[in-house]
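Working through the structure, step by step
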Amino acid sequence: MKRILVALVVLALSGPAWAGPPMAADAPALYKRSCAPCHGAEGKGGTAPAIAGKPASAVAGVVSAHPPPMEKLELTPDQIAAVGRYVSSLKK
Ligand code: HEC
């Protein structure tokens, strides 16, 4: 597991252009890469509103709809669901 995490971090750092083979969604890494720049490392807000603790389905819905200025992120439905669960698990 640790090795998988290290590999994901390396992939995450190699940039959003990465489009590798499908694999189990790693929500914390996804969040860090795709959401933290605007919503803060712990979902407490930054340039975008705080989202920590919001219901997973609501978060997934927003990400799927990607209202501006949120970009359309290249996430699979599984990844979107996983990020939603992760955000809902963050402490407000
Ligand atoms: C480019 C910056 C940016 C990125 C990246 C981004 N967001 Fe957002 N997001 C925003 C902004 C700004 C808003 C507020 C839009 C508004 O209120 O009109 C927002 C709104 C939201 C909302 C609704 C908040 C509310 O109070 O209604 C959710 C949920 C959300 N984002 C989740 C995410 C998730 C999850 C990710 C990562 C997959 C993400 N966002 C990536 C900028 C971003």
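The paragraphs below set out a description of the structure included in this document. Remember, predicted model here, so these are calculated numbers, not experimental data. (Residues numbered from 1 in each chain as written. Predicted model: local features only at pLDDT ≥ 70, side-chain atom pairs only at ≥ 80, totals over all residues.)

**A few points about the site of the ligand**
- In the neighbourhood of the ligand, 19 residues make up the surrounding shell, with Cys35, Cys38, Ala48, Val62 and Met70 lying closest.
- Every element with two or more residues in the shell around the ligand is listed here: helix H3 (36–39), helix H4 (56–65) and helix H5 (77–89). (Near = placed C-beta within 6 Å. Helix = DSSP H or I, 4+ residues; strand = E, 2+ residues; numbered from the N terminus.)

**Quick word on the nonpolar core**
- Judged by nonpolar contacts, Leu30, Tyr31, Cys35, Ile51, Val59, Ala60, Val63, Ile80, Ala82, Val83, Tyr86 and Val87 together constitute the single largest core of 12 residues.
- Broken down by secondary-structure element, the contributors of at least two residues to this core are helix H2 (27–34), H4 and H5.
- Looking at this core, the element that brings in the most residues is H5, giving 5 residues. (Core = buried A, V, L, I, M, F, W, Y, C linked by C-beta atoms within 7 Å. Buried ≥ 20, exposed ≤ 12 C-beta atoms within 10 Å, placed from the backbone.)

**Examining the environment of Pro55**
- Here Pro55 is to be found in the loop between H3 and H4.
- Expressed as a C-alpha distance, the spacing of Pro55 and Ser89, which sit 34 residues apart in the sequence, is 8.7 Å.

**What about unusual backbone geometry?**
- In this structure, the amide linkage connecting Pro68 to the following residue, Pro69, adopts the cis form with an omega of 5 degrees.
- Relative to the helices and strands, Pro69 resides in the loop between H4 and H5.
- With phi around 35 degrees, His66 is a residue other than glycine that occupies positive phi space.
- Looking at the secondary structure, you find His66 in the loop between H4 and H5.
- With 12 C-beta atoms packed within 10 Å, His66 lands in the exposed category.

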